[in-house]
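Structural description and commentary
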Amino acid sequence: MATDKPDPDDVDVAVFIYPGQIQRLSLEQLAELDLLNDRPLMAERYACDVYVERANDSTRKDYFLRTFGDHYGTPKGIPVVRIHD
């Protein structure tokens, strides 16, 4: 777990995807990616607060590291999953 909370209310998920990867997605995959942008649906179904961002946007990456990377000065773990074509 990336939190000390024994039973967190939700899980924050940031998905960073490069524009070139988006262009290679099939219509079905694009529809699935669009579902991730439906934050109320993701919260209701999976208790996840999902953010889909461009991987080449360093400002947004820095924001997420600042916002979710520590808890009152204590660093938190941020799991990273890399998917290669």
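A brief structural summary. (Residues numbered from 1 in each chain as written. Predicted model: local features only at pLDDT ≥ 70, side-chain atom pairs only at ≥ 80, totals over all residues. Heavy atoms only, no water.)

**Topic: a nonpolar patch on the surface**
As a reminder of what qualifies: The patch calculation keeps residues exceeding 30% relative accessible area without a salt bridge and links them within 9 Å when they carry like charges or within 5 Å when they are nonpolar (Val, Leu, Ile, Met, Phe, Trp, Tyr). For every accessible area listed, the method is Shrake-Rupley and the probe measures 1.4 Å; residues are considered covered only by the protein chains on display. Salt bridges are defined as contacts in which a side-chain nitrogen from Lys or Arg sits within 4 Å of a carboxyl oxygen from Asp or Glu. Numbering goes from the N terminus for both helices and strands, where a helix is a DSSP run of H or I of at least four residues and a strand is a run of E of at least two.
Nonpolar side chains collect at one region of the surface, where Leu65, Ile78 and Val80 lie side by side and expose about 280 Å² of accessible area between them. Mapped onto the fold, Leu65 is located in helix H4 (residues 58–68).

**Observations regarding the pairing of strand E2 (residues 48–54)**
This is how the line gets drawn: Each residue is placed in one exposure class: buried if its accessible area under a 1.4 Å probe, protein chains only, is under 20% of its type's maximum, exposed if it is over 50%, and partly exposed if it falls in between. Here, any two strands with at least 2 DSSP bridges between them count as paired.
Burial of E2 is extensive: five of the seven residues sit out of reach of the surface. Relative to E2, strand E1 (residues 11–17) runs parallel, the two being bridged by seven bridges. For Val13, the partnering residue across the bridge sits in E2 and is Val50.

**Some words on the pattern of salt bridges**
All told, the structure shown has two salt bridges when counted by the stated rule. Residue Asp49 pairs with Arg39 through a salt bridge whose shortest N-O separation is 2.5 Å. Of this pair, Asp49 sits in strand E2 while Arg39 sits in helix H3 (residues 39–46), placing them 10 residues apart in sequence. On the basis of relative accessibility, which here comes to 17%, the residue Asp49 falls in the buried class. Accessibility expressed as a relative area gives 37% for Arg39, which makes it partly exposed. Among the ionic pairs, Arg60 bridges to Glu53, the shortest N-O distance being 3.0 Å.

**Structural notes on the environment of Ala55**
Convention followed: Only heavy atoms enter the contact rule, under which two residues are in contact if any of them lie within 4.5 Å.
Tracing the chain through its elements places Ala55 in the loop between E2 and H4. Through-space distance from the C-alpha of Ala55 to that of Phe16 is 4.5 Å; in sequence the pair is 39 residues apart. Aside from chain neighbours lying at most four places away, what touches Ala55 is Phe16, Ile17, Tyr18 and Lys61.

**With respect to the packing of aromatic side chains**
What characterises a pair of aromatic rings is the spacing of the ring centres plus the angle enclosed by the ring planes. The test is simple: Two rings belonging to Phe, Tyr or Trp (six-membered ring only in the last case) form a pair when the distance between their centres is within 6.5 Å. Interplanar angles under 30 degrees mark stacking, angles over 60 mark edge-to-face geometry, and anything in between is tilted.
Summed over all chains, the structure comprises three aromatic pairs. Plain terms: the ring middles of Phe16 and Phe64 are 5.8 Å apart, the flat faces sit at 85° to each other, and that makes the pair edge-to-face. Separated by 48 residues along the polypeptide, Phe16 in strand E1 and Phe64 in helix H4 bring together distant segments of the chain. The partly exposed category is assigned to Phe16, whose relative accessible area is 29%. Note on Phe64: relative accessible area 5%, which makes it buried. Connected via pairs of aromatic rings, a cluster forms that spans Phe16, Tyr51, Tyr63 and Phe64.

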